[in-house]
Structures are given as C-alpha cells and as structure tokens.
Amino acid sequence: MFDGSDETCWNSNPTTPQWILIDFERAVKVEKILITFQGGFSAQSINVMKDEGEDKWEEVQEFHPEDKNLTQTFVLKEPVSLTKLKLHFPTSTDMFGRIVIYKLDVIGEDSNHISRWVLCTINQCDER
C-alpha cells in the first residue's frame, strides 16, 4: 500500500465495516490525517482509533468526510501517542459498502524526533 503513485488506490471489498490498520512499530504522535476518497466511494464517517493492547481499541475521534474527489484534512483535537492506528469506516456512500482511497497521509511526530513529518503515505489499490 506504499507505492507513492497518484494513479493507484486502495479498494475495499463490497461490505461494511471496513478499516485500515497501520502498525508504526514504534511510538508516534499523530496530529492529522489527510485522505483522498473517490467520490461515490467515500466513508460516511471515520473512527480514528488507537491500540490499547490485547486486541482492544480506543476511539480517539470521529470525523465525517465529504463525498468528493479531493484531499480532506482531519485534524485531531490534540496529538495522540500510539504505536498502532486504526481507521474504521462503519458505512460507505456506495450502496454496496465499497470504499476507495487514492491518498492517505498520517502527519505527526516520531517519538525520537522533534520535527513534524509524514509518518506514512498510502497510495495503492489492494483488495482486502
């Protein structure tokens, strides 16, 4: 899911819910998330979740994206420290529940660095 191309995308199976799980394998602070959905295949809501261990997740914040082909920025109320991030999509604007993402950037800080930077970029079509 990390090819850096604007011509590829992540395409979910036709069902809900869907999610993307990112394991940073180190402590990071997430500040904001940038997502470009394909119009007509957007999530109706996004539950940003952090790993609490033992397969337990804590919801950090919920966002409601627009159903458009544009990069949308979702700023967290405050930076969140975590090692695993889950973007949970309970419902989709598509009648079959499909979600298509062309770009996903997670912006924040690595626990070993002071400056802000892109923690990960996802741009690839990968069927779950």
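Residues numbered from 1 in each chain as written. Predicted model: local features only at pLDDT ≥ 70, side-chain atom pairs only at ≥ 80, totals over all residues. Heavy atoms only, no water.

### Section: the nonpolar core
The cut-off we apply is this: The nonpolar core is taken to be a set of buried Ala, Val, Leu, Ile, Met, Phe, Trp, Tyr and Cys residues, with the residues joined through side-chain atoms within 4.5 Å. Burial status follows relative accessibility: with a 1.4 Å probe on protein chains alone, a residue under 20% of its type maximum counts as buried, one over 50% as exposed, and anything between as partly exposed. Labels follow the DSSP assignment, with helices taken as runs of H or I lasting at least four residues and strands as runs of E lasting at least two, numbered in each case from the N terminus. Contacts are assigned to residue pairs with any non-hydrogen atoms lying within 4.5 Å of each other.
Core analysis: the largest hydrophobic core is formed by 24 residues, its most contacted members being Ile35, Ile46, Leu85, Leu87, Phe89 and Ile101. Only β2 (18–37), β3 (46–53), β5 (71–89) and β6 (100–110) provide two or more residues apiece to this core. When residues of this core are assigned to their parent elements, the largest contribution, eight residues, is made by β2. Once residues lying within four places of it in the same chain are set aside, the contact partners of Phe89 are Trp10, Pro17, Gln18, Trp19, Ile20, Phe37, Ala43, Ser45, Ile46, Ile99 and Ile101.

### Some details on the environment of Asn69
By the secondary structure assignment, Asn69 is in the loop between β4 (56–63) and β5. Take Asn69: its relative accessible area is 58%, and that puts it in the exposed class. For the pair formed by Asn69 and Gln38, sequence separation is 31 residues and the distance between their alpha carbons is 5.0 Å. What Asn69 contacts, discounting residues up to four positions off in sequence, is Phe37, Gln38 and Gly39.

### Digging into unusual backbone geometry
Among all residues except glycine, the phi angle is most often negative; among peptide bonds, the trans geometry is most common. The linkage connecting Thr16 with the following residue, Pro17, adopts the cis geometry, with an omega of 0 degrees. By the element assignment, Pro17 lies in the loop between β1 (10–11) and β2. For Glu54, which is not glycine, the phi dihedral falls at a positive 50 degrees. With respect to the helices, strands and loops of the structure, Glu54 is situated in the loop between β3 and β4. Located in the positive-phi region is Asp55, a residue other than glycine, with phi close to 65 degrees.

### Let's talk about the pattern of salt bridges
Here is the rule: For this analysis, a salt bridge means a side-chain nitrogen from Lys or Arg found within 4 Å of a carboxyl oxygen belonging to Asp or Glu.
Scanning all chains against the criterion turns up four salt bridges. Between Glu66 and Lys68 there is a salt bridge, with its nearest N and O atoms 3.1 Å apart. Residue Asp105 pairs with Lys103 through a salt bridge whose shortest N-O separation is 3.5 Å. For Asp105, a relative accessible area of 8% corresponds to the buried category.

### Examining the confidence of the model for the chain
How we decide: Scored from 0 to 100, pLDDT records how confident the predictor is in each individual residue.
Considering every residue of the chain, the mean pLDDT works out to 85; 83% of them sit at 70 or more. The spread of mean pLDDT over the elements of the chain runs between strand β7 (residues 117–122), the lowest at 51, and β4, the highest at 96.

### Brief notes about the packing of aromatic side chains
For the record, the criterion: Planes of paired rings set the category: under 30 degrees apart is stacked, over 60 is edge-to-face and the rest tilted, where pairs are Phe, Tyr or Trp rings (Trp by its six-membered ring) whose centres lie within 6.5 Å. Only when the NZ of Lys or the CZ of Arg is both within 6 Å of the ring centre and within 35 degrees of the ring normal is a charge said to sit over the ring.
Enumeration over the complete set of coordinates arrives at three aromatic pairs. Seen from their ring centres, Trp10 and Phe89 are 6.4 Å apart, and the 40 degrees between their planes marks the pair as tilted. Of the two residues, Trp10 sits in strand β1 while Phe89 sits in strand β5, which places them 79 residues apart along the sequence. Across the pair, Phe89 and Trp10 agree in class, each one buried. Between Phe63 and Phe74 the ring centres are 5.2 Å apart and the planes differ by 50 degrees, which places this aromatic pair in the tilted class. Here Phe63, found in strand β4, pairs with Phe74, found in strand β5; they are 11 residues apart in sequence, far enough to count as distant. This pair shows no difference in class: Phe63 is buried, exactly as Phe74 is. Lys86 extends its terminal NZ or CZ atom over the ring of Trp19, reaching a point 5.2 Å from the ring centre.

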